[in-house]
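What follows is the residue order along each chain.
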Amino acid sequence: MLTLLSMFYYICLRRRSRSGTRGEALNSRRAVESGQRAVLPVSVEVEQYAKEVLDFSSHYGSENSMSYTMWNLAGVPNVYPSSGDFTQTAVFRTYGKWWEQCASAPLPFRRTPEGFYSQDYIELGFEEPVYPTAVEVFETYYPGAIVQILACSHNPFSQNPATDVRWEVLWSGEPTKVLTPHARQFSPKIKHINFPTNLLRLEVNSSLLDYYTELDAVILRGVKERTMLALYKIPHIDISDLSDSEEELYDAGGPFMHQRTGNGYFDKLPYELIQLILSHLTLPDLCRLAQTCKLLHQHCCDPLQYTQLSLQPYWARLNDASLGHLQSRCTLLQRLNLSWTGNRGAFTLTGFSSFLKACGQSLVCLELSCCHFLNEARLEVISQACPGLQELNLSSCDRLHPQAFTHISKLTHLRRLVLYRTKIEQTAVLSILTFCVELRHLNLGSCVRIDDYDVVASMLAARCRSLRSLDLWRCRNLTDRGLNELVSGCRMLEELDLGWCPTLQSSTGCFQQLARCLPRLRKLFLTANRTVCDSDVEELATWCPSLQHLDILGTRLVGAASLKKLLQACPKLLLLDISFCSQIDMRVVQELSSLFPNVFIKKSFTQ
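The rules we used
Residues numbered from 1 in each chain as written. Predicted model: local features only at pLDDT ≥ 70, side-chain atom pairs only at ≥ 80, totals over all residues. Heavy atoms only, no water. Pairing = 2+ DSSP bridges. Helix = DSSP H or I, 4+ residues; strand = E, 2+ residues; numbered from the N terminus. Axes fitted to C-alpha atoms, helices over the stretch in contact; angles between N-to-C directions. Parallel < 35°, antiparallel > 145°, perpendicular 65-115°, else oblique. Contact = heavy atoms within 4.5 Å. Nonpolar A, V, L, I, M, F, W, Y, C, P; charged D, E, K, R; others polar. 1 Å grid on protein atoms, 1.4 Å probe; cavity = no way out; pocket = protein on both sides within 12 Å on 5 of 7 lines; lining within 4 Å. Points joined across faces, edges and corners; volume = space filled by probe spheres on them.

As annotated in an unreviewed UniProt entry, the protein chain carries the name F-box domain-containing protein and comes from Oryzias javanicus.

So, in C-alpha cells, the structure goes:
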C-alpha cells in the first residue's frame, strides 16, 4: 500500500513539476523514495450545528407545529444534557416491532441484504462544506437507533442543479438496545472521504428500542482542506457497472474460457434447483454472478428471479441506467420497492416511464415512500402501466402537487394505500374512495390539507365496508358525528389510529360507541386525547377482547381500577401506553406489570 501511495504521490509531483523547477520536483521525489513525509499544512477544525433539516421519512410531530418534529434537530441543543421525553426534540413515528406485527404492515421483500437495517432517515444541511473528522449526535431518550451516517458531495444550498451526486458511508452499525434510556453524546469513529460535504444523512432503526428515540442536535466537525494522500480513492463497484452482455462475457473470459464447453457439475443440476440456489443471493451478487459464464448468465436473467425486487437498500447508487439494466429481467415483476430512490435527478421521466411500461403489467405492490422525483406525469404513468396494482405507498411524498393524486382513483383494485404526510386534498380523497371500493388498509395520517374529515369518514362508511385498518393520526377536524358514522359502517376494522385528534370528545359517547361497534379491534390509538375516561376503558374491556395495542397517552381521567379491568378482560394485550396519564404513577405501573408480565406498559419520564 505504501508503494502504491508513493507512486500516486509521484504522479502528482510530476504534474506539479510542469509549473515548478526540475530541482524542486527531483527533491520531492527523493523525499518520497527515501520514506520521508512531506510537511503539509494542517487545517483548523471547524465545528458546526445543522443549519437546516432538508428531508426526513417520518416524525411523531405535526406538520403545523414544532413539538416532536424533525425540524427540532436544526441548531444548538434544546434539551441535552437532560434526559427524558421532551417536545423540543426530534422523534420518529414508530419504535419497536409493534408496527411490523399489525395487519396493515406490508410483507417483507425477499433478497434484502443482511446489512441493511435502515427504517427511517433524516437529511441535514450545514453552513460550510468540510472534510469530516467527526460527527456527534445528541440522543436524549432511548438512544441506540442510529445505524448509518452518510455524507453527500452535493451542496444543498447551491443554486446549481445537482449533478454527479455521490454518497459515502461515514459509519454504519447494527441496531442496538442501550441498557439505559438516558441521554448520551454519540460520536462513532468515521471514515475519511475525499470530498468536502455539508449534507449529512442519519439513518435509524428503532426496532429494538422500548420507546421512541429522541434526538436533540447534530455536530459536524471537519477541516476545509485535506492532505494530498487523503484524496486517494479506492474504486468501488456499482450496480450500474455490472453489464453482462454476451460480448463482454466473451472478452472477459479470454481464450481459456472459450476452450471449455462444459459448466462442471452445474450441467447436471436441475434448472429449478439452480434457480432455488440463486434465489438466496442479493441483487448485486446476482448481477456479478451473471458475468461468470453463459449458463449462470441465463439463470441470473430469468424473470422468475425478479418477481420481487427491493431497490431501497441501493437508493444512493441508482439511476436511469440501473433501471434500464434491470428492465429486461423484470417482465414478471409483482412487487417493487423504490422507496427513497430517484431523488436529486437520479431518475428522469423517460427512465422511470420506460421501466414501468415494460414491467408494470403484473405489478400488484409498489412502494414509493419519500420519492421526491414523483410528479403528476409519473403518477399518471403508474395509473396506466399498473392496472392490477393492489398496494401503493406514497408515504412522505410531500412535494407532490395536490392535483397529482387524482390519478390514483384509476387504480380500482387498490387494497392498501398509504398517503401519510402528503398534500392530498379532500376532492382527491373522495374520488379515490368512490372508485377504490376494495380498500382494506388506508393511511391518511398527517394529511393536513383535508378540510373535513367527517365527510371522508362518511364516504368510507358508505363505500369501504371491508376496511381493516385506518390511520387518521393528527387529523384536526374529525368530530363525534364522523366517528360514529365510520364505526357503524366499517365494522370489520381491526386497527384505528385517532392519535392527536383534539376535536373528539369522550362526553359525546363516541369512544363507547366505537368499542361496541368494533369487536374485532386489535389496535387503538387515542393518543393525547385528554377526555378519555374510565368508562371508555371499561367499554373496551367489555366489547374488544382481541385488543393487542392501546395508546391512551396524556389522559387525565383514567385510573388504576379501569386499567386492571382492561388487562384482565383482554388476554392478548401486548402494548399499553399510559405515559403522562396523571392518575397513574410509577407505583401503579410496577404493580400492574407484576400482575400482567406479558404486557409492555409504557410510562415515559422527564428529568
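Turning next to the sheet that holds strand β10 (residues 308-310). Spatially, β10-β11-β12-β13-β14-β15-β16-β17-β18-β19-β20-β21 is the arrangement adopted by the twelve strands of the open sheet, whose pairing is parallel. Each edge of the open sheet is held by one strand with a lone partner, namely β10 and β21 (600-602). Between one strand axis and the next, the sheet turns through 5° on average, direction left out of account.

Turning our eyes to something else, we now look at the packing of helix α14 (residues 534-543) against helix α15 (residues 560-569). Between α14 and α15, whose axes approach to 8 Å, the crossing angle comes to 10°. On the basis of their axis angle, the class for α14 and α15 is roughly parallel. Note on element contacts: α15 touches α14 through S562, L563, K565, L566 and A569, opposite D534, V537, E538, L540 and A541. Per-class residue counts for the contact of α14 with α15 are six nonpolar, one polar and three charged.

Quick look at the environment of C102 now. With respect to the element layout, C102 can be found in the loop between β3 (90-91) and β4 (120-141). Taking the C-alpha atoms as reference points, C102 and Q548, 446 residues apart in sequence, are found 9.5 Å from one another. If sequence neighbours within four positions are ignored, C102 has contacts with E495, K523 and H549.

As a further point, take empty space enclosed by the protein. Per the stated rule, a full pass over the model turns up three cavities of 30 Å³ or more. Within this model, the largest cavity holds a volume of roughly 70 Å³. Taken together, Y60, Y68, D85, V91, Y211, Y212, E214 and L553 make up the lining of the largest cavity. Of the residues in the lining of the largest cavity, the class split is six nonpolar, no polar and two charged.

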